[in-house]
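Remarks on the overall topology
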Amino acid sequence: MNLRKFTFAILSVALISFSCKKDDDGVEPAPPRDKQEVYDEDILEIEEYLETHFYNYENFDANNPYSLANDEFELVFDTISEENGTEDKTPLMDMLGGALSIKTITDDGVDYKLYILTVREGLGDELHGLDKAVVTYEGTLSTGDAFDSAITPVSFNLTTVGSLGGVVDGFREGLTEFKTSTSFTDNADGTTVYHEHGIGAVFIPSGLGYFSTPVGSIPSYSPIFFKFGLINRNNTDYDIDGVPSHLEDLNADGSGMDDNSDGDSFVDFIDNDDDGDGILTRYEVEKKEYVEDDGNMAFTTKAAAQSYYDNNVATDEIFISIDRESDGTYTLHTLRAPNTNSSDSPDLPDYLDSTVANDIIN
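Predicted model, so just to flag it, every value in this text is computed and none were measured. For every chain, the first residue of the written sequence is number 1, and numbering continues from 1 onward in sequence order. Residue-level local features of this predicted model are given only where pLDDT is at least 70; pairs of side-chain atoms are given and counted only at 80 or more, and the full residue set underlies all totals for whole chains, interfaces and linings. Derived side-chain values reflect all non-hydrogen atoms in the structure, with water molecules and hydrogen atoms excluded from consideration.

**Details of helix H3 (residues 302-312)**
The line we're drawing: Only protein chains enter the area calculation, which uses a 1.4 Å probe; residues under 20% of their type maximum are buried, those over 50% are exposed, and those in between are partly exposed. Only DSSP runs of H or I covering at least 4 residues are called helices, and only runs of E covering at least 2 are called strands; the numbering of each starts at the N terminus. In this context, the arc is that of the directions from the helix axis out to the C-beta atoms.
Residues of H3 that are buried: Ala305, Tyr308 and Tyr309. For H3, the angular spread of the buried residues around the axis is 100°, confining them to a single face. Across from the buried face of H3, at angles greater than 90 degrees, the exposed residues are Ala303, Asp310 and Asn311.

Right, dumping it as structure tokens:
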């Protein structure tokens, strides 16, 4: 898929950017242009698009955003013009402060404006930058030419780790402002309708996209736009240590790249011994799941599973997720993380506390 970020990486580095090889004839490729200069051009192109285009808001019931009809809404952009008979439509830019918002991303000394259109945020789970996302989407250039799409939901990592590809930074930063669906309905014709999921778009400067690297039909230094529906999220465990990667973002900044409990060469989400105590993290934690309450009643709603966690689960268990099963019931997933030395400061579970070498899995 073209939306994937084309990078090479090794585990000890976790994330590195794509670098072009020299041509076979020995001619040096042109060095990349200045990022600030390119961004100044990109943002003008993006804002001109937002001033001259609208979306099909009249087909969306804004008074009842989570209606069944809106679950099947398809976002469409078009040009405002007399020729199209659309001269009275509201341009996207006029929605700034409402459906249109700005998220500022600083990268390599450049403060990028990331314009995000929120048709509806979604009512399901929040998405983390270390998750795997399940989405429908269409990627286009500012000309409207599509370079990639998925009508049925596809799954991909949001972060590049080792040989596992991720997505461009701008797409990840846009998606994480939305929430997943709450449920789905399988139709008799074999199609599936997802309910109450996030619907929106993100307008990405090339510095948060592919920048100087041409990819498929995307030229160098091209802003790219994505329309999408966020359907679901899945946990990742990049270092196979038993702790979902999103829980290893200890400062909750959405990246995990500045969380390194033992100060070694590996940040926590690619470190299989987070506290450096000689016992692998996966032996200091235990995954658990609950499919029913203490009365042996299956969880028939997500709220029931959440209530059970809030009121009945031991305090040394960390919430992971609540997943809907094919039979319509829900399973609660937790992580048992003992805290033997509760008097330490800061108060840490054993798998993050190098003063406690506690092997709970025998």
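**What about the pattern of salt bridges?**
Quick note on the threshold: By convention in these notes, a salt bridge is any Lys or Arg side-chain nitrogen within 4 Å of a carboxyl oxygen on Asp or Glu.
Counted under the stated rule, the structure contains 16 salt bridges. Note that Arg33 and Glu41 form a salt bridge whose closest N and O atoms lie 2.8 Å from each other. Residue class for Arg33 comes out partly exposed when judged on its relative accessible area of 30%. The class of Glu41 is partly exposed, set by a relative accessible area of 41%. We note a salt bridge from Arg172 to Asp169, for which the minimum N-O separation is 3.1 Å. Of this pair, Arg172 and Asp169 both sit in helix H2 (residues 169-175), three residues apart, which is roughly one turn of the helix. Accessibility classification places Arg172 together with Asp169 in one group, the buried group. Each of Arg33, Glu37 and Glu41 takes part in salt bridges that share partners, so that together they form one network.

**So, the confidence of the model for the chain**
Put simply, the test is: pLDDT is a per-residue confidence score from the predictor, ranging from 0 to 100. Working rule for contacts: check all heavy atoms of both residues, and any pair within 4.5 Å makes them a contact.
In this model, the chain carries a mean pLDDT of 91, and residues with pLDDT of at least 70 account for 92%. In this model residues 1-24 is a low-confidence stretch, pLDDT under 50, and it forms 59 contacts with partners more than four residues away in sequence or in other chains.

**A short note on helix H1 (residues 35-52)**
Side chains that are three or four residues apart share a direction in an α-helix, a result of its 3.6 residues per turn. As a reminder, the rule being used: Multiplying 1.5 Å by the helix residue count minus one yields the expected span of that helix.
In this model H1 runs 26 Å from its N-terminal to its C-terminal C-alpha over 18 residues, within 8% of the 26 Å that 1.5 Å per residue would give. For H1, the set of buried residues is Val38, Tyr39, Asp42, Ile43, Ile46, Tyr49 and Leu50. Seen along its axis, H1 keeps its buried residues to an arc of 130°; they face one direction. More than 90 degrees from the buried face of H1, the exposed residues found are Leu44 and Glu48. Turning to H1, the residues buried within the fold contact strand S1 (53-55), strand S2 (77-79), strand S3 (100-107), strand S4 (110-120), strand S9 (198-204) and strand S10 (224-234).

**Comments concerning unusual backbone geometry**
One non-glycine residue, Tyr221, lies in positive phi territory at about 60°. In this structure, Tyr221 sits in the loop between S9 and S10. In this structure Tyr221 comes out as partly exposed when scored by relative accessible area, which is 22%.

**What to know about the sheet that holds strand S6 (residues 146-157)**
Put simply, the rule is: We treat two strands as partners when DSSP finds at least two bridges between them. Each axis is a line fitted through C-alpha atoms, and for a helix only the stretch in contact is used; angles between axes span 0 to 180 degrees, taken between their N-to-C directions.
Sheet architecture is open: six strands sit in the order S3-S4-S9-S10-S5-S6, paired in antiparallel fashion. What marks the edges here is a single partner per strand, and that holds for S3 and S6. Taken pair by pair, the neighbouring strands of this sheet meet at an average axis angle of 25°, ignoring direction. One ladder, built from eight bridges, connects S3 with S4; its direction is antiparallel. Looking at S4, one finds that Leu100 is bridged to Leu117. Running over the sheet, H1 touches S3, S4, S9 and S10 and is turned about 25° from S4.

**Structural notes on the pairing of strand S8 (residues 192-195)**
Of the two faces of S8, the one holding Val193 and His195 is buried and the one holding Thr192 and Tyr194 is not buried anywhere. Direction of pairing for strand S7 (residues 183-186) relative to S8: antiparallel, over a ladder of four bridges. Along S8, the bridge assignment pairs Ser183 with His195. Counted between consecutive antiparallel strands, the loop separating S7 from S8 contains five residues, among which Gly190 sits at a positive phi close to 95°.

**Notes on the nonpolar core**
This is how the line gets drawn: In these notes, a set of buried Ala, Val, Leu, Ile, Met, Phe, Trp, Tyr and Cys residues joined through side-chain atoms within 4.5 Å is what counts as a nonpolar core.
In terms of nonpolar packing, the biggest core is built from 50 residues, with Leu117, Phe171, Phe203 and Phe226 touching the most fellow members. Going through the elements one at a time, H1, S3, S4, strand S5 (132-140), S6, H2, S9 and S10 are the ones with two or more residues in this core. No other element matches S4, which puts seven residues into this core. Residues contacting Leu117, with those up to four places away along its chain left out, are Tyr55, Leu75, Phe77, Leu92, Ala99, Leu100, Phe178, Ile199, Gly200, Ala201 and Phe203. Membership of the second largest hydrophobic core comes to nine residues, among which are Tyr290, Phe299, Val313 and Ile322.

**Observations regarding the environment of Ala357**
Looking at the element boundaries, Ala357 is found in the segment after strand S13 (330-336). Remark: the alpha-carbon pair of Ala357 and Leu130, spanning 227 residues in sequence, is separated by 27 Å. Once residues within four sequence positions are removed from consideration, Ala357 is found in contact with Asp277, Ile279 and Glu284.

**Focus: the pairing of S6**
Looking at chain direction, S5 and S6 are connected through eight bridges and run antiparallel. Of the residues in S6, the one forming a bridge with Val135 is Val154. In textbook terms, the turn of a hairpin is the stretch between consecutive antiparallel strands, and for S5 and S6 this stretch comprises five residues, one of which, Gly144, has a positive phi near 95°.

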